[in-house]
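# Structure at a glance
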Amino acid sequence: MRRQLALTTVLLLAGCTTGPSLETRKDVTAPPGDSHHLTIGSAGFTESDLLAQMYALLLDRAGYKTSLLTVANRELYEPALESGQIDVVPEYAATFADWLNAKTNGAGAAPVGSPDLDTTMTALRKLAAPRGLTVLDAGRAVDQNGFAVSRSYARQHGLKTLSDLGASGLGVRLAAGDECVQRPYCAPGLKKTYGIDVTAVDPKGVGTTQAKRAVQNGQDQMVLTTTTDATLSGFGLVLLADDKSLQNADCIVPVVNRSRAGGQGATGALDRLNGVLTTTDLASMNEQVDSWRRLAKDVARSYLRDKGLLE
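Overview of the structure. Just so it is clear, the structure is predicted and the values come from calculations on it, not from any experiment.

## Re helix 12 (residues 279-290)
Here helix 12 is twelve residues long and its end C-alpha atoms lie 16 Å apart, about the 16 Å a rise of 1.5 Å per residue gives. Buried within helix 12 are the following residues: Thr279, Asp281, Leu282, Ala283, Met285, Asn286, Gln288 and Val289.

So, in structure tokens, the structure goes:
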């Protein structure tokens, strides 16, 4: 049986502050626990809601009682995960590794996220363990920066990958956030890794409707979005493959509070998703919620049933 919870900032801050202190970190690496009432956190956007719903359904099937808790701010939900107010959250490997690294070693710490998944997971688990957190295995689904062009533009110039675009010598006006000018995984990285001639960054935001329309109508040639963007086909856009791995390995990983949900029962239930969930699947589910207006819990349940993970 599951119940949906709403959370206010005041309530969360009253229930936890910043998790275990540095002086007591050694105490949170106790043997994994197995609480039978688990709270699954969501960051409040469609994809996170879908993942949280799937986690809850899989845990329900395994005999756990679950609650869903929406906390849109990582600065709030991560300490709640450490303290045990939240037991499970869906996260993104490289992003979470860099976030924990900055929290542990300061905002100026060199990033530890990497395009290599093994390297990223090693760094992430090293940072998570002293905080009483266990990072489960990553599956095939990944949500990272993606670059899309119009289908007609790709066909006209024979483009399937970012390498193809670099080799074409075409000048590209890129619709993205204004920070793209400096971010190493955006315009500078496109030039350094692929030799792409980014002639200008059109500051229309990351994956916004305005940005995608600018590429659709030819005002811009490429848009920065994400690999699980469910709306690209509706704008006549296609992703170009990041064939030289410019982007970090932001594979989706469940992160659990070790003392409450680190046992084989809960982790085994969550790991079942890894065998089926792909980036394409996740994009399709996002589309069903965002474009078709289906409820996340209904989409999640249908998907798990179709994959044989629910009866």
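Resuming the write-up.
## Topic: helix 8 (residues 187-194)
Where helix 8 is concerned, the buried positions are Ala187, Gly189, Leu190 and Tyr194. Viewed end-on, helix 8 has its buried residues packed into an arc of 165°, placing them on one side of the element. Those residues of helix 8 that are exposed and aimed more than 90 degrees away from the buried face are Lys191 and Lys192. Those residues of helix 8 hidden inside the fold are in contact with strand 6 (145-150), helix 7 (162-168), strand 7 (171-176), strand 8 (197-203) and strand 9 (222-226). Phi for glycine 195, located one or two positions after helix 8, is positive at around 70°.

## Quick notes on the state of the cysteines
One pass over the structure, following the stated rule, counts one disulfide. Residue cysteine 180 pairs covalently with cysteine 186 via a disulfide, S to S 1.8 Å. Taking the torsion about the S-S bond as the criterion, the cysteine 180 to cysteine 186 disulfide, at about -85°, is left-handed. For cysteine 180, a relative accessible area of 1% translates into the label buried.

## Quick look at the environment of aspartate 87
With respect to the helices, strands and loops of the structure, aspartate 87 is situated in the loop between helix 3 (74-83) and strand 4 (88-92). Separated by 172 residues in the primary sequence, aspartate 87 and serine 259 have C-alpha atoms spaced 9.0 Å apart. A polar atom in the side chain of aspartate 87 sits 2.4 Å from the side chain of arginine 260.

## Here we look at the nonpolar core
Soluble globular proteins tend to pack their nonpolar side chains together in the buried interior. In terms of nonpolar packing, the biggest core is built from 36 residues, with Met54, Leu273 and Leu304 touching the most fellow members. If you tally residues by element for this core, the top one is helix 2 (residues 46-61), at nine residues. Ignoring any residue separated from it by four or fewer positions in sequence, one finds leucine 273 in contact with Met54, Tyr55, Leu58, Tyr303, Leu304 and Leu309. Among the nonpolar cores identified, the runner-up in size contains 22 residues, and Leu76, Leu100, Leu127 and Val255 belong to it.

## Side note on the pattern of salt bridges
For side chains of opposite charge, pairing can occur when their charged atoms come near one another. A full pass over the atoms with the stated rule returns twelve salt bridges. Here glutamate 82 makes a salt bridge to lysine 103, at a shortest N to O gap of 3.3 Å. Placement of glutamate 82 in helix 3 and of lysine 103 in helix 4 (residues 93-105) is noted, with a sequence separation of 21 residues between them. By relative accessible area, which is 6% here, glutamate 82 ends up buried.

## Regarding the packing of helix 2 against helix 13 (residues 296-306)
Taken N-terminus to C-terminus, the directions of helix 2 and helix 13 make an angle of 55°; their axes are 9 Å apart at the nearest point. One element, helix 2, and the other, helix 13, form an angle in the oblique class. Note on packing geometry: the crossing formed by helix 2 with helix 13 is right-handed. In contact with Asp49, Leu50, Gln53, Met54, Leu57 and Leu58 of helix 2, helix 13 contributes Ala296, Lys297, Val299, Ala300, Arg301, Tyr303 and Leu304. The residue inventory of the contact of helix 2 with helix 13, partitioned by class, reads nine nonpolar, one polar and three charged.

## Notes on the environment of aspartate 250
Relative to the helices and strands, aspartate 250 resides in the loop between strand 10 (237-240) and strand 11 (252-257). Among the residues examined, aspartate 250 registers a relative accessible area of 10% and is labelled buried. C-alpha separation for the pair aspartate 250 and glutamate 91, spaced 159 residues apart in sequence, amounts to 8.6 Å. In this structure, aspartate 250 is in contact with Tyr92, Ala93, Ala94, Thr95, Val142, Asp143 and Gln144, ignoring residues within four places of it in sequence.

## Description of unusual backbone geometry
In this model, serine 245 sits at a positive phi of 55°, which is unusual for a non-glycine residue. By secondary structure assignment, the location of serine 245 is in the loop between strand 10 and strand 11. Not every positive phi belongs to a glycine, and arginine 293 is a case in point at roughly 65°. In this structure, arginine 293 sits in the loop between helix 12 and helix 13.

Cut-offs used in this document
Residues numbered from 1 in each chain as written. Predicted model: local features only at pLDDT ≥ 70, side-chain atom pairs only at ≥ 80, totals over all residues. Heavy atoms only, no water. Helix = DSSP H or I, 4+ residues; strand = E, 2+ residues; numbered from the N terminus. Expected span 1.5 Å × (residues − 1). Buried < 20%, exposed > 50% of the residue type's maximum accessible area, 1.4 Å probe, protein only. Arc of directions from axis to C-beta. Contact = heavy atoms within 4.5 Å. Disulfide = S-S within 2.5 Å. Polar contact = N/O pair within 3.5 Å; in protein donor to acceptor, adjacent residues only side chain to side chain. Core = buried A, V, L, I, M, F, W, Y, C linked by side-chain atoms within 4.5 Å. Salt bridge = Lys/Arg side-chain N within 4 Å of Asp/Glu carboxyl O. Axes fitted to C-alpha atoms, helices over the stretch in contact; angles between N-to-C directions. Parallel < 35°, antiparallel > 145°, perpendicular 65-115°, else oblique. Left-handed = near helix turned anticlockwise from the far one by under 90°. Nonpolar A, V, L, I, M, F, W, Y, C, P; charged D, E, K, R; others polar.

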